Structure formats: structure tokens, C-alpha cells
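Fold and geometry: a report
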Amino acid sequence: MKTDRTRFTLIHSADFDAYKDEHVTLSEEEKKINAESRIIWPLNCYAVLVQHPSLGNILFDTGIDSNWSYRWPRNLAEGYPVHQSFDLKEKLSELGLYVDDIGLLIISHLHFDHCGNLHLFRGTKAGQGVIVQEEEAKHAFMRSNIFDPAREVYHGDGYVRHEFNGLDGISFRLVSGDVKLADDLELLLLPGHTPGTMGMVVRTEEAGTVIFPSDAIYNATNYGPPAVLPGMCARPAEYAASIEKCRKIAEAEHGTVFFSHDVNAFKTYRLSPEWYE
Ligand SMILES: [Zn+2]
């Protein structure tokens with residue numbers, strides 16, 4: 001499929017639950033409730049397909065593995081119950097695309113809700129040279145290889161080893177820092193959530209500048225202003241700086257930030273097969 005101007009669409013991957021304290025700072029009242037029983041926090045996740053006049057089809061993230069129910073470790077399925085998930089191949093076919101039509105695959109970070117369908121790209125063009133930040137790869141490969149004998153699981157911190165480690169037909173192209181793929185398509189290093197979380201900026205004619213910060217900004221509360229850090233935040237100073245990095249671009253270009261896990265914002269997003277142009 002050829003396009004003469006850059007456009008993108010959001011591919012709904014799944015609806016699932018996490019804990020509220022992981023995503024926003026709790027009030028004092030909520031902290032008391034949470035100490036008794038952790039407050040549940042509903043989430044969506046999605047992939048972004050960009051069609052670019054010179055770069056072709058680019059997929060940013062792959063969402064949750066639609067076969068999570070038998071491919072996930074038990075502790076993950078219990079910690080993050082999935083209510084609904086969609087087959088990425090089917091979603092692509094609604095757009096007239098096969099996995100082989102994707103020319104470039106970018107993974108914002110290697111957590112299960114972003115790289116879960118990487119295996120679908122084994123042996124494809126996009127599977128040869130999946131773009132990931134070097135800091136992310138170092139961290140993810142290390143963390144996902146530590147076995148916790150007490151729980152009999154690999155101690156993943158959101159990383160599921162088999163989803164990215166040792167996949168035949170998948171190789172990575174490691175990048176460090178911001179990457180300009182084209183004047184209207186850039187990647188941003190946004191550390192904090194993980195050491196190598198990466199966002200994407202897309203510039204379109206009608207929708208203008210859109211920033212996908214991935215989990216550098218989960219939701220509108222995190223974004224503020226002022227920025228409100230989530231509970232699950234490995235590097236707070238870097239997390240705050242990454243939010244401000246996105247804000248600076250949004251303000252300079254009158255752009256829009258699309259949050260990664262905000263159920264209210266998600267209701268307002270246009271989903272595939274509809275396009276933003
Ligand atoms: Zn996430």
C-alpha cells in the first residue's frame with residue numbers, strides 16, 4: 001500500500017488490569033486502602049502503524065501476545081489479568097497488510113505489553129533489525145535471565161524472557177539516543193520507566209505533531225503539568241526529565257501527546273482501520 005503523505009493508526013492490542021500505585025501517586029486516603037488491598041487500575045495497550053511515503057510501513061510496538069493465556073508465566077497472568085486481547089495479524093489484515101509488509105519494527109521497550117507479538121515477525125524483513133535502545137536491551141536481557149528459585153520464575157520486572165530472548169529469525173538493531181528516521185518521523189530516548197524507554201514523534205498534515213511517549217507517560221495525570229510520577233519508576237529524576245522533553249516538543253509544535261495506558265484518553269483515540277493523516 002502506497003501513501004503520498006504520512007499517516008498513522010492505533011491498533012488496539014488488549015485491555016488488562018494493573019495496580020493503581022504502579023501508575024500514579026496515591027493520595028494518603030488511597031494509601032491506607034491500598035495497604036489492605038491493592039487498588040486495581042484498568043489499562044489498554046496498543047501498537048502504532050505508520051505509513052510513510054519513503055519509509056513504507058513502520059510498526060511501533062506490538063502489544064500483548066494474543067496467546068498470553070498459555071504463553072505467559074503464571075505470575076504475570078495473575079498480576080496483570082487480561083480481559084480482552086486482539087490478534088495483531090488479524091488487525092493488520094483489516095488494513096490489507098501481512099507481517100511481511102512491515103518494513104521497520106520499533107519496540108519502545110521490552111515489557112510484555114509492548115513486545116508480546118515480536119514472535120510474529122520471525123524471519124520477516126522487519127524481524128531483521130528490530131530497533132531497540134541499547135540501554136533497554138542490556139537491561140532487559142540481564143533482568144529476564146535472573147531466575148527466582150523461591151517463585152520458580154525468571155525474575156522479569158515486566159520482561160518475559162521468551163518474548164525477545166533467543167527468538168530465531170529476530171535480530172536487533174541497537175540505537176543510542178534520539179534517532180531521526182525522516183523529517184516527520186523521529187525516535188526519542190525517554191529513560192525513567194525503564195533505562196531505555198523510547199518514544200516516537202510523527203508529523204502529519206492534519207493531525208499535526210503527535211508524540212507517542214510509550215510508558216514514559218502512562219496517562220494524563222502523569223503528564224500534568226505538573227508531572228506526577230508513577231509508583232513504578234526506576235529512575236525518578238530521569239522520568240521527570242523525559243516528561244518535560246515530550247512537553248517541550250508538544251508546546252513548540254502545538255502537538256498532541258498520546259498516552260500509553262490511559263483508559264479515558266483511549267476512548268477518544270481513532271483506532272484502526274481509521275487513520276490519522
Ligand atoms: Zn506498558
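Refer to the structure above for everything that follows.
Residues numbered from 1 in each chain as written. Predicted model: local features only at pLDDT ≥ 70, side-chain atom pairs only at ≥ 80, totals over all residues.

Looking at the overall build of the protein chain
The line we're drawing: For the purposes of this entry, the term helix denotes a DSSP run of H or I that reaches at least four residues, the term strand denotes a run of E that reaches at least two, and both are numbered from the N terminus. Between the two quantities, the radius of gyration covers C-alpha atoms and the globule rule is 2.2 Å times the number of residues to the power 0.38. To assign burial, the other C-beta atoms lying within 10 Å of each residue's own C-beta are counted, with C-beta atoms placed from the backbone; 20 or more indicates buried, 12 or fewer indicates exposed, and intermediate counts indicate partly exposed.
If you tally the helices and strands in the protein chain, you get eleven helices and 14 strands. What you see for the protein chain is a C-alpha radius of gyration of 18 Å, in line with the 19 Å of a compact globule of 277 residues. Based on the C-alpha atoms only, the size of the protein chain along its principal axes is roughly 55 × 45 × 35 Å. Evaluated residue by residue, the protein chain yields a buried proportion of 42% over its 277 residues.

Brief notes about the nonpolar core
Where we set the bar: Any set of buried Ala, Val, Leu, Ile, Met, Phe, Trp, Tyr and Cys residues joined through C-beta atoms within 7 Å is what this text calls a nonpolar core. Residues are treated as contacting if the C-beta atoms built from their backbones sit within 7 Å of each other.
Of all hydrophobic cores here, the largest spans 64 residues; its most connected members are Val48, Phe60, Leu105 and Ile106. In terms of residue count, the dominant contributor to this core is strand E2 (residues 40-52) (seven residues). Leave out the neighbours within four places in its chain, and Val48 touches Phe8, Leu10, Phe60, Asp61, Met200 and Phe212.

So, the pairing of strand E3 (residues 56-60)
Looking along a regular strand, one sees side chains alternate from face to face of the sheet. For clarity, the cut-off: In this analysis, strands are considered paired if DSSP registers two or more bridges between them.
Taken across its five residues, E3 has four buried, putting it largely inside the fold. Here E2 pairs with E3 via five bridges, running antiparallel. In the strand pairing of E3, His52 is matched with Gly56. Taking the residues between adjacent antiparallel strands as the criterion, E2 and E3 are bridged by three residues. Note that E3 and strand E5 (residues 102-106) share four bridges and pair parallel. Paired with Phe60 across the bridge in E5 is Ile106.

Some words on the sheet that holds strand E11 (residues 185-189)
Our working definition: A fitted line through C-alpha atoms represents every axis, and for helices the fit uses only the stretch in contact; the resulting angles, taken between N-to-C directions, go from 0 to 180 degrees.
Taken in spatial order, the five strands of this open sheet run E10-E11-E12-E13-E14, and their pairing is mixed. In this open sheet, the two strands that pair with only one neighbour each are strand E10 (179-182) and strand E14 (256-257). Strand direction decides the pairing type here: E11 and strand E12 (residues 198-203), joined by five bridges, are antiparallel. Within E12, the residue paired with Glu186 across the bridge is Val201. The sheet strands contacting helix H10 (residues 236-252) are E11, E12, strand E13 (209-212) and E14, and the helix crosses E13 at an angle near 170 degrees.

What about H10?
For clarity, the cut-off: Each helix should span, by expectation, one fewer than its residue count multiplied by 1.5 Å. Directions from the helix axis toward the C-beta atoms define the arc.
The terminal C-alpha atoms of H10, which comprises 17 residues, lie 25 Å apart, in line with the 24 Å expected from a rise of 1.5 Å per residue. If you check which residues of H10 are buried, you get Tyr239, Ser242, Ile243 and Cys246. Projected down its long axis, H10 shows its buried positions confined to an angular sector of 100 degrees, all on one face. In this structure, H10 carries Ala237, Glu244, Lys248, Glu251 and Ala252 as exposed residues pointing more than 90 degrees from its buried face. As for H10, its buried residues are in contact with E12, E13, helix H9 (220-223) and E14. A positive phi of about 50 degrees marks His254, the residue just after H10.

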